[in-house]
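# Inside the fold
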Amino acid sequence: MAKRAKEAYTEFVRSNYLAYVFEVQNHGLDYKRDDLRWKPTRFHKYLCERVQEFIEKETGNPYDILLISTPPQVGKSVTITETLPSWYLGRNQSHRVIEISYNSDFAKRFGRRNRDKLNEFGYIFGTGVSSETKAVDNFELTNKRGSMLSTGVTSGVTGNPCELMIIDDPIKNREEADSDVIRRKLFEEWLNSYKT
């Protein structure tokens, strides 16, 4: 009986993004506890549902864009950037993910957190990180087809195809946001590198 319950729970986590985020952020903790690392508020539930719908919906378009704009420190990066790639790759093991942030160090942090999740929770999907890839910012799955690349916004990704691209905080601060030069440079990077 316990084995069947565990299998049912694993299938639920595999198929439901909200459940996956809760599991990998609060592994083994009861959802009623006050000391949870990630508490699924109404906002987080809405965000997880919209993201899963976006990921699973077939539109026939060459690419689709989901824009998420929130105030700082509401849990967007924890909910999306440091968790979605691991769930997405677990379910789509021949796909590639590129994650882009305002600098390489910031991007590496997201790569490391997704790599750690795949190492610890890859059993949910029957996969993990290849032992042959050591880098936290560029790793492959055990099948050596699925992969994740995390990089800074101006590092360039030309020649690295992907099925999912996440751009999280491409602008570091208000000064950069107010700079016509920086905004123009980012737009050119979008046109000449990311979009292609």
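So, how was this worked out
- Residues numbered from 1 in each chain as written.
- Predicted model: local features only at pLDDT ≥ 70, side-chain atom pairs only at ≥ 80, totals over all residues.
- Heavy atoms only, no water.
- Salt bridge = Lys/Arg side-chain N within 4 Å of Asp/Glu carboxyl O.
- Helix = DSSP H or I, 4+ residues; strand = E, 2+ residues; numbered from the N terminus.
- Phe/Tyr/Trp six-rings, centres within 6.5 Å; stacked < 30°, edge-to-face > 60°.
- Buried < 20%, exposed > 50% of the residue type's maximum accessible area, 1.4 Å probe, protein only.
- Lys NZ or Arg CZ within 6 Å of the ring centre and 35° of its normal.

## Let's talk about the pattern of salt bridges
- Following the criterion strictly, the structure yields eleven salt bridges and no others.
- Ionic pairing is found between Asp 178 and Arg 174, a salt bridge with its closest N-O pair at 3.2 Å.
- Where Arg 183 meets Asp 180, a salt bridge forms, and the shortest distance between an N and an O atom there is 2.5 Å. Placement of both Arg 183 and Asp 180 in helix 8 (residues 180–194) is noted, with a separation of three residues, approximately one turn of the helix.
- One continuous salt-bridge network, built from bridges that share partners, spans Lys 76, Asp 168 and Asp 169.

## Describing the packing of aromatic side chains
- Scanning the entire structure with this criterion turns up four aromatic pairs.
- On the numbers, 4.7 Å between centres and 25 degrees between planes, the contact of Tyr 102 with Phe 106 is stacked.
- The partly exposed category is assigned to Tyr 102, whose relative accessible area is 25%.
- An aromatic cluster is present here, built from Tyr 102, Phe 106 and Phe 110 joined pairwise through their rings.
- The ring of Phe 110 carries the charged tip of Arg 109 above its face, separated from the ring centre by 5.2 Å.

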